[in-house]
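# Structural characterization, general
Residues per chain are reported as follows:
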Amino acid sequence: MKAAVLLIPLLPLASFIITGFFGRRYFKDKSHYLSVASVAISWILSMYVFIQVERGQTLSWQLYTWIAAGKFHVDIGFLVDELTAIMLLVVSTVGLMVHIYSIGYMHGDKGYYRFFAYINLFMFSMFMLVLANNYLLLYVFWEAVGLCSYLLIAFWFPKLSASNAGMKAFLVNRVGDFGFSLGIMLIFVTLGTLDYSSVFAAAGTIGGGMVTAICLLLFTGAVGKSAQFPLHVWLPDAMEGPTPVSSLIHAATMVNAGVYMVARSSPLFAHSHTAMLVVAAIGTFTAIFAAIIALVQNDIKKVLAYSTISQLGYMFMALGVGAWTAAMFHLLAHGFFKGLLFLCSGSVIHALGGEQDMRKMGGLRKKIKITYWTFFIGALALSGFPGLSGFFSKDAILSGAFSGGYWYFWIVALITVFLTAFYSFRLIFMTFHSEPRMDAKVFAHVHESPPVMTAPLIVLSVPTVVAGLFLGIPPESGHIDHFLHRVFAAAIVTPEHQFGFLSGSLMAISAVVGIGGILLAWHFYLRCPFLPAATCKRAGRLYTLALNKFYVDEIYFAVFINPLRRFSRWLWRIVDAGVIDGAVNGAGWLALGAGRLLRPIQTGKVQGYLFAMFLGLLALMVVYIILTL
Amino acid sequence: MTPLQHYLVLSGALFSVGAWGVLARRSIIMVVMCLELMFNAVNIALVAFSNYANAGAGRGEVFVFFVLAIAAAEVAVGLAIGIAMYRLREKLDVDELDEMRG
Amino acid sequence: MYSFQQQVGFPILSVMTFLPTLGALAMLLLMRGRPHLYKYTALATTGATFILSLAMVWKFDQYTADFQFIEKVNWIQRLGASYHMGVDGISVLLILLTTLLSLIIIPASWNYIKDRELGFFASFLFLETGMLGTFCARDLLLFYVFWEIMLIPMYFIIGVWGGPRRVYAALKFFLFTMAGSVLMLVAIVGIAYLARPNQYAAPVFDLDQLQHAVFSFPVQMAAFLAFFIAFAIKVPMWPLHTWLPDAHVEAPTAGSVILAGVLLKMGGYGIIRFCIPLFPDAVVTAMPYILILSIIAIIYGALVSLVQKDLKKLVAYSSVSHMGFVTGGIFAFSVIGLEGALLVMFSHGLLTGALFLMVGFMYERLHTREISAMGGLASPFPVMAAFLLFFTLGSLGLPGLSGFVGEFLSLLGLFTYNKAMAVVAAAGIIMAAAYLLWMYLRVMFVETRDEKWFRLSDLNLREIASLAPLAGLAVWVGVYPDTFINIIQPSASHLINHISPYLAQHGDFLTRFFASLGGGR
């Protein structure tokens, strides 16, 4: 098992190094061989590790001492338990599928080798992130996945918007990481260690205020990475990256890191009711906030991006109300179906030759059948259609919120379920149904993607359909609950209860609400196509607000970025060049001026100097005589 | 024996003449010559003091020899500068030499 | 009296220190008029020096805080000054950095310098002697001599081979540094006389003896301030930093590399080596104020970097910000913070040195350093883009590269002292990402601005060879910093042990104020 755990991250790393160094010269359009092979082996090993963990074997392994300075001691080491195993499962499966898909999607791109090198680096970092056994190592790879995200968003760097989006992603994440790193320091200062096991063992001894502070700081990091309000702004822009990247990094894996981190820290969070409440509140708010924006977006990827934000909000709500397992369940299910949805949207974009605006789509159903059906399955799962994975995981969250007594969160979440179903099927109907709204020429060229792209779609739709049935039945005490029980044992606050009448009716309600959303979308976009425009006009200001994403970006620019830049310019021009350098140069000028003042004395005439000397001598003599008298 | 004062008056007069020359004369040759006068005035004073204070020890006389040697060297250098200057400007006026004016 | 520690069989520190001088003399005396020989002589000399320094590190005993490879010869007996050399863990690392950077700049300026090559390479060799001597000296007067020796070649390097405003920059550099040095000289003489055991004894310049001398508080304070101002100018600490951007912009590439890589480290080194052991009371009193200045430097440097238009100026201001972490780490007075500060110094030398090299390479191709004149360089120069990205990321503190370890540790040190300060300082890391990535975006990304650039060549082997060792070391420090921390550890804890009794009995207004604000120690 140790060898497997070591190889899982190292293979992609090796592939990254080889592809990155030699790809441009030697591999070129064969760059994917090594890359896909390494991830495939990592996937097999991950499966092996997963099975081992399921058999009850966990691993805690110190590899070597990384930093030992004074009292500060951090190891590089691995921790493999059930939580890690689930993450490994999602990361490696979606990762492998995206790798395969990219062979087709990125075919012929100038940076083909670069793309595969970067996503290999990402796989390495993500594997290490979930395998790490202490907070600092987690932080290291937390930043590393951020770097890969930056590189891949800005992959088409000649495009200004892509470069800007990459930078924005990194910077917004840095703001979150600022809190995260302070949280880590606070943990170290209070407990003297960063190792998960020792930190969690000592979690109870920290005391109220401090543990809340630690948790909130850690959560800041999660807010950044998992794109929660108010740091969600980077994720929609991140759609500038190639679609496989959006699927892998910005839907299925990296953005889940925040959820993973909070889940991992559950023993800490369990000690702070306040922090939990904040997590739940921010999650719930983000869920509905992003869902509202998703309702009106016209870019196919943007809709999915806001949907991702919203779904991540669900997970945080689950974490906050103490439904840890539900959060992880939803993470798993969402990883599969959202990865699938993004890959499908990539296939659509590919078919249309780069078009992303849904207003210029429509009627694609017949032309790209595989994409349509897989997309449909994904959307059903996203809407929480009974029987699919999304249904079970979402229901687990809802009932967790309800049974935990957080009925207000439950109501908001229920509304979000409705909105989610609506925008998912708005997407489907606008893209695949009704009449084609693009040029006839473009429409004629529409073609199904090559098998190397459609195969991953089919593969990913399998867990999308069955994961819920396998893991989630019976609800609340299904397979996944037993699997994760040990990890969250210390943190579970609400008593476990059996699936009963109450849970059953909750489930029915959410199913009905979801189907209601689908039906409304059908009514709006297929039955009465004039309705959306009319509604928009009636909603007026609200519609503009949502269309412009509530102007969050603009507010940030007006409140933070522009004043900061103006202030910096002022510092440079006035303080640096004016005051400080002015003082320095002023001293110089003072010396010069004094010199100029005294200059005429220096006539250059030797006899004049001599005369002065004699006078001086005379004066001295007179003084001497007077003094001696 | 001639009293010390006589020597000192002579020395002082000679020194003053020299000093006046150094300060007032324009020609570099005259300035150098007047410098010599000042040196010699000092020499007279030294010898006179030596003779009166500690006759036979010759301490003052030793100084005089030093001064003579230095004066010779100084004249040599001074005249050399004078010649160089004459070559450069065809003039020996001290007032013209104000390159070092501030 | 002559003695040296028989660790290697020959006085390795002196040989290492004066080898570059020998090379320079050989160049000046034997090779006049044979320009092709200068470069190779310089390369060979710095190479040999580097190997010697490696040998020294190899033989260095990292389990003791004692000084090693000690050499002691009487020098000016009546003044009590001796030629006393020795190194401990703190200097070893910086010596290694010095010899490495000195070696690297020679090939990097292979084609850059076209005129008066003899003077250029000889200046660098003299400079290397000065720098190495400064890190080895164990005698205040000797230290001062080496300290001043550094100044002159650097003055010429900026003033002769620099850019259009080189004279202004060189003069500014010289005057700032000189102002500090003069103050320091006064303090050196002052404490040397005050430390005499009796009125008839020779003054004491030897650090081993001075360490045991006890000065009254006013003396400590005055001497500390004099020393500290000299070092703060070198660091450079806000608000004494304005010479740095000018000097960097005007200096030739190699000069910038040495300036940022080594000369700035002299400030931090001086504080650690002299201020803390000699004036513990004063240092502890000044601590909160200096920490505040450090934090201002971090934020201020970062903000001003954000709006720079000249690439070199941007890197220069970023140095101000990074060096804030050095002084912050030092004055937090914990083993963690001190080691962090030293690692920041080391890593800043690697990364900023490399950044300046890269700016030089760009300048050789594009003949501009204006950020707005660049753009889209990544398409014609992919290798350059990769290297620049690497060093940029290192500089903004990406974990896994050297910058992170040092900055994290010094922040942690600061955090244990005062949480509020650490929070503000940590905000500097966000801004570092902002100005560096924004710079990278405007230089490397977006549309290629000029089609002509596609006809220019990417980094050649010589240039890659000068960057690769820096990149390799940056990864090494980032992934396995223990190699370096182990060297520092004994000396650092020794120093902290020395200062901690003073810390314990200390409590002034500001400390209490911040303690109430941020939870405190």
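Definitions and limits used
Every residue gets a number counted from 1 within its own chain, in the order that chain's sequence is written. Chain letters start at A and ligand numbers start at 1, both assigned in the order the entries are written. Reporting of local features is limited, given that this is a predicted model, to residues whose pLDDT is at least 70; pairs of side-chain atoms are given and counted only at 80 or more, and all residues count toward the totals for whole chains, interfaces and linings. Going along the chain from the N terminus, every DSSP run of H or I of four or more residues is numbered as a helix, and every run of E of two or more is numbered as a strand. Each residue is classed by its C-beta neighbour count within 10 Å, where at least 20 other C-beta atoms makes it buried, 12 or fewer makes it exposed, and intermediate counts make it partly exposed; the C-beta atoms are placed from backbone geometry. A residue pair is marked as a contact if its C-beta atoms, positioned from the backbone, fall within 7 Å. The source of the domain bounds is an automatic or database domain assignment. Throughout this description, the term nonpolar core refers to a group of buried Ala, Val, Leu, Ile, Met, Phe, Trp, Tyr and Cys residues whose C-beta atoms join them within 7 Å. Helix axes are fitted only over the stretch in contact, all axes being lines through C-alpha atoms; the angle between N-to-C directions runs from 0 to 180 degrees. By the definition adopted for this analysis, an angle is roughly parallel if under 35 degrees, roughly antiparallel if over 145, roughly perpendicular if from 65 to 115, and oblique otherwise. By convention the crossing between two helices is left-handed if the near helix lies anticlockwise of the far one by an angle smaller than a right angle, and right-handed if it lies clockwise. Each residue is assigned to one of three groups, with Ala, Val, Leu, Ile, Met, Phe, Trp, Tyr, Cys and Pro labelled nonpolar, Asp, Glu, Lys and Arg labelled charged, and all others, Gly among them, labelled polar. Two strands are said to pair when DSSP picks up at least two bridges between them. This arc is taken over the directions from the axis of the helix to the C-beta atoms. Take the number of residues in a helix, subtract one, and multiply by 1.5 Å to get its expected span. On a range of 0 to 100, pLDDT expresses the predictor's confidence in each residue.

## Some points on the overall build of chain A
Per the secondary structure count, chain A includes 26 helices and 2 strands. Considered along the principal axes of its C-alpha atoms, chain A spans approximately 125 × 65 × 55 Å. Per-residue burial over chain A gives 56% buried out of 629 residues. Contacts spanning at least 24 positions in sequence make up 82% of the contacts within chain A whose residues lie at least 6 apart.

## Side note on the domain arrangement of chain A
Domains assigned within chain A are domain 1 (2-165 + 244-252 + 320-543) and domain 2 (554-628). Centre-to-centre, using C-alpha coordinates, domain 1 of chain A lies 68 Å away from domain 2 of chain A.

## Some remarks on the nonpolar core
In terms of nonpolar packing, the biggest core is built from 427 residues, with A:M317, A:A327, A:A401, A:A413, C:L93 and C:F227 touching the most fellow members. For this core, the element with the most residues is helix α13 (residues 335-366) of chain C, which contributes 19 residues. Beyond its immediate chain neighbours, meaning those up to four positions away, C:F227 contacts C:M184, C:A187, C:G270, C:F274 and C:C275.

## Thoughts on the packing of helix α10 (residues 253-278) of chain C against helix α12 (residues 311-331) of chain C
Residue and element names in this part refer to chain C. For the pair α10 and α12, interaxial distance at closest approach is 11 Å and the crossing angle is 20°. Here α10 lies roughly parallel to α12, going by the angle between them. In this structure, α10 meets α12 at a crossing whose hand is right-handed. Across the interface between the two elements, S256, A260, L264, G268, I271 and I272 of α10 pack against K312, S319, M323, V326, T327 and I330 of α12. A per-class count over the contact of α10 with α12 returns 7 nonpolar, 4 polar and 1 charged.

## Overview of the pairing of strand β2 (residues 68-76) of chain C
All names here are of chain C. Two strands pair when backbone bridges link them, and β2 and strand β3 (residues 81-87) are joined in this way by 6 bridges, in the antiparallel orientation. Each residue of the ladder has a partner; that of N74, found in β3, is S82. Here β2 folds back onto β3, and the loop between the two strands holds 4 residues, one of which, G80, carries a positive phi near 75°.

## Some details on the environment of A:A169
Residues and elements named next belong to chain A. Looking at where A169 falls in the secondary structure, it is placed in helix α6 (residues 160-191). With 42 residues separating them along the chain, A169 and V211 place their C-alpha atoms 29 Å apart. Residues contacting A169, with those up to four places away along its chain left out, are S149, Y150, I153, W234, D237 and A238.

## Quick word on helix α21 (residues 479-488) of chain A
All of the buried residues in α21(A) are A:I480, A:D481, A:F483, A:L484, A:V487 and A:F488. What you see down the axis of α21(A) is that its buried residues fit within an arc of 160°, all on one side.

## Some thoughts on the interface of chain C and chain A
Taken together, the contact pairs 43 residues of chain C with 39 residues of chain A. Secondary-structure elements contributing two or more residues to the side of chain C that touches chain A are α11 (280-306), α13, α14 (382-395), α15 (402-417), α16 (419-444) and α18 (482-504) of chain C. Tallying contributions element by element places α16(C) first for the side of chain C that touches chain A, with 11 residues. Of the residues that constitute the side of chain C that touches chain A, the class distribution is 33 nonpolar, 7 polar and 3 charged.

## A few points about α11(C)
Relative to the 39 Å expected for 27 residues at 1.5 Å per residue, α11(C) spans 37 Å between its end C-alpha atoms, a close match to the ideal helical length. The buried fraction of α11(C) is high, at 19 of 27 residues.

## Considerations on the confidence of the model for chain C
Mean pLDDT over chain C works out to 86, with 95% of the residues at or above the 70 mark. For this predicted complex, the interface confidence reaches an ipTM of 0.88, while the overall pTM sits at 0.87.

## Considerations on the arrangement of the chains
When the 2 pairs of chains in contact are ranked by number of contacts, first place goes to chains A and C. Separating chain B from chain C is a minimum C-alpha gap of 22 Å, and the two share no contact.

## With respect to the environment of A:L277
Residues and elements named next belong to chain A. By the secondary structure assignment, L277 is in helix α13 (residues 273-296). The exposure class of L277 is partly exposed, given the 14 C-beta atoms found within 10 Å. In this structure the C-alpha to C-alpha distance between L277 and F122, which are 155 residues apart in sequence, comes to 32 Å.

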